[in-house]
Amino acid sequence: MEPQRGAALIKEQYVTHTHQLLMIPDSQSVVSDVCLRLTRFLTTKEKFHEFLASARPRASRDEADGDPEEPSGEPEQKRVKLDRDAEQKKKKMRGQNKSRPHIKPQSYEERRLCPSIVQERDTECVYGEKCRFLHDVSEYMCSKAADLGDQCYLFSSFGWCQYGVTCRFSRAHTSPELKNLRNEELCRRSTDTVSNHLDKDLQRRLRKKQQRFPGAEAYLKTVSRGEKSTHTSHAAGDAANGPETAVQRLNTLNPYSHLQLKQSLSTYVSEVIVFSQVDFRDKLYLAPLTTCGNLPFRRVCKRFGADITCGEMAMVTNLLQGQASEWALLKRHASEDLFGVQLEGCFPDTMTRCAELLNQNIDVDFVDINSGCPIDLVYKKGGGCGLMTRTSKFEQIVRGMNSVLDVPLTVKIRTGVQQNCSIAHKLIPEMKKWGVSLVTLHGRSREQRYTKSADWEYIDTCSKLAAPVPLFGNGDILTYEDAMKARETGVSGIMVARGALIKPWLFTEIKENRHWDISSGERLDILRDFTNYGLEHWGSDTQGVEKTRSFLLEWLSFLCRYIPVGLLERVPQKINERPPFYMGRDYMESLMASQHVDDWIRISEMLLGPVPKNFSFLPKHKANAY
């Protein structure tokens, strides 16, 4: 039989099988705004999960727990009670799983090997008998979980795996004597691809409050005296003496405050002067995404064509305390050629000190102020969206950070706080005077969250007010048609957030002006690349594997929303549309369409092996609005 004819026959048999199992009468079809091309792809929730369960091993997670009912994916205390009306009156459902279980990755390994043994140091453990880790490699190997594979991504890529015998792929680089092997040729060729690490001496100074901030202290003294920042007031005064004097003064104090110079030289608008260090225009900007916008995910998006990337939102108070977990959010991969970090804070002193600290110790192309975060934890302290209503503090923060930074300062905002009370159009002209280099506007208010579509007409209005400062629009970009409509407005560029989580190949679609009917195999390869990047970033030992798995599962909670283009009758898919239960063109495509936590775990097990016995997962967010 010819290979092509054989493949066609297999596909034909599969379609016939799924059609018989899942086809339902038209009268029972699911009503949805999403139009699937073929009615045979539509199904019910029960038959959809029945089909997925037909390929599961008999010893499934549900049977192992002795619970024949379908799990709800919710912890016991969060399940909706029978009296729905009374419960909804008592407490409105929110978009967070606040009572979700928190299990640290290191807790999945009962007995851990001492780092001094893992790294094969010549010196003995500094803690001696008080050390709480194992020092006997043979004893550790008896309790270690089974390896996940015969090839270690770190060893294959760099010629050395720093996790030694604790690596879950240690067979690839461990000698019979349990010594860690090296490929010297690969080691010589490989270089460190990640920068912006936290220096130990700097961490010690921050913890002991010995770090000095001379630039920030000088600015804060002017604030306490009720004056403007030094370089801004000098520029305004020098503007009266001609453009050359102003240029010379600003270049001495802060050569990157180009937009403040434009404000000072209002009488010389006709002259075209370019001082920008970064050209933001006509770029595709991957939004700073908390939890999911980690370094491995950004690497995936860079591969598909993202131009600008930004680290996850970092709290300035934690950075100033030297918290390693917070500093990890600032790490930059070599592939990120235009990279910035986003800071969240609500006071001029901490924001200015943190800006000076980062300016001296890490490599970034811009620094972004988060003035759009809607969560209560941030907003109630006056940060995030709260800054938009505290214009005096906001101005002091922007001017102070500009005074100590050698890179452009950008701001991300929303339309406002209340749903029907937009204030961004009032704030943007003021931010131009303060010296902001770029404004990113999310076309929703804090109260809206994602319950309504982004207001691109309002974004267009604000982009005209922002000129000559570039303004990026953000909201509901899922296809290249959405991007084309956004570009018809006056925005300088587009920021992509949820759209990149649902389909990271969106950047390729936008740049090539096409729909990509990506196969389930290609999507699985993307996930495999993510897991490899995760093992490189978080580690290939048990702790690193489970941390990679948790971030993969968080991402899968968005990826499942994608509907393959080949199944759509009406193209394109809209970002807020909830699809009906449908069958994919193969089993993997159907599995990837499942919104059930256990099915996401099954996908993770294909890439990272079986989960630990005490493993549990619930996504950080549950969307009341898609």
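Calculation criteria
Residues numbered from 1 in each chain as written. Predicted model: local features only at pLDDT ≥ 70, side-chain atom pairs only at ≥ 80, totals over all residues. Heavy atoms only, no water. Buried < 20%, exposed > 50% of the residue type's maximum accessible area, 1.4 Å probe, protein only. Helix = DSSP H or I, 4+ residues; strand = E, 2+ residues; numbered from the N terminus. Arc of directions from axis to C-beta. UniProt positions renumbered as here; feature names shortened; annotations may be inferred. Disulfide = S-S within 2.5 Å. Pairing = 2+ DSSP bridges. Right-handed = clockwise from strand over helix to strand, strands pointing away. Core = buried A, V, L, I, M, F, W, Y, C linked by side-chain atoms within 4.5 Å. Contact = heavy atoms within 4.5 Å. Salt bridge = Lys/Arg side-chain N within 4 Å of Asp/Glu carboxyl O. Axes fitted to C-alpha atoms, helices over the stretch in contact; angles between N-to-C directions. Left-handed = near helix turned anticlockwise from the far one by under 90°. Nonpolar A, V, L, I, M, F, W, Y, C, P; charged D, E, K, R; others polar. Polar contact = N/O pair within 3.5 Å; in protein donor to acceptor, adjacent residues only side chain to side chain.

Caption draft 1: Looking closely at helix 2 (residues 45-54). All buried positions along helix 2 are accounted for by F48, H49, F51 and L52. The buried residues of helix 2 occupy an angular sector of 155° when the element is viewed end-on, so they sit on one face. Away from the buried face of helix 2 by more than 90 degrees, exposed residues E46 and S54 are located.

Caption draft 2: Spotlight on the UniProt feature "domain: C3H1-type" (unreviewed entry) in the protein chain. What UniProt calls "domain: C3H1-type" (unreviewed entry) maps, in this numbering, to residues 108-138 and 151-176. Between the first and last C-alpha atoms of residues 151-176 the distance is 16 Å; the span itself is 23% helix and 0% strand.

Caption draft 3: A look at the state of the cysteines. One pass over the full model with this rule turns up 0 disulfides. There is no disulfide at C152, and the cysteine sulfur nearest it, in C167, is 3.8 Å away. Accessibility expressed as a relative area gives 1% for C152, which makes it buried.

Caption draft 4: Representation of the pairing of strand 10 (residues 471-474). The side-chain alternation of strand 10 yields two buried faces, one formed by L471 and G473 and the other by F472 and N474. For strand 9 (residues 438-445) and strand 10, the ladder comprises 4 bridges, and the chain directions are parallel. From the neighbouring strand, T440 faces strand 10, where its bridge partner is F472. Following the chain from strand 9 across helix 21 (residues 456-466) to the adjacent parallel strand 10, one finds a crossover that is right-handed.

Caption draft 5: Structural view of the UniProt feature "zinc finger region: C3H1-type" (unreviewed entry) in the protein chain. Mapped onto this numbering, the UniProt entry annotates "zinc finger region: C3H1-type" (unreviewed entry) at residues 108-138 and 151-176. Overall, residues 108-138 shows 19% helix and 0% strand. The separation of its end C-alpha atoms is 19 Å.

Caption draft 6: Layout of the nonpolar core. In terms of nonpolar packing, the biggest core is built from 140 residues, with W327, I369, M401, M431, L527 and W555 touching the most fellow members. In terms of residues, this core owes the most to one element, helix 26 (residues 542-559), which gives 8 residues. Those residues within four positions of M401 in sequence are excluded, and the remaining contacts are L343, M351, T352, A355, V367, I369 and L409.

Caption draft 7: Region of interest: the pattern of salt bridges. As enumerated under the stated definition, the model contains 28 salt bridges in all. Between E509 and K503 there is a salt bridge; the shortest N-O distance is 2.7 Å. Grouping residues by exposure puts E509 and K503 together as buried. Salt bridges sharing partners connect three or more residues here, namely E217, D349 and R353.

Caption draft 8: Examining the packing of helix 25 (residues 520-538) against helix 26 more closely. Relative to each other, helix 25 and helix 26 sit at 145°, their axes nearing to 9 Å. The crossing of helix 25 and helix 26 is right-handed. Of helix 26, the residues touching helix 25 (which contributes R523, I526, L527, F530, T531, G534, L535 and W538) are G544, V545, K547, T548, F551, L552, W555, L556 and L559. Here the residues of the contact of helix 25 with helix 26 are counted per class, giving 11 nonpolar, 4 polar and 2 charged.

Caption draft 9: Examining the environment of Q277 more closely. Topologically, Q277 is positioned in the loop between helix 13 (258-264) and strand 2 (284-286). By relative accessible area, which is 39% here, Q277 ends up partly exposed.

Caption draft 10: Just the side chain of Q448, in detail. Along the chain, Q448 falls in the loop between strand 9 and helix 21. Engagement of the side chain of Q448 in a polar contact is seen with the backbone nitrogen of S445, the distance being 3.0 Å. If we ignore the near neighbours within four places in the chain, the residues touching Q448 are Q419 and S453.

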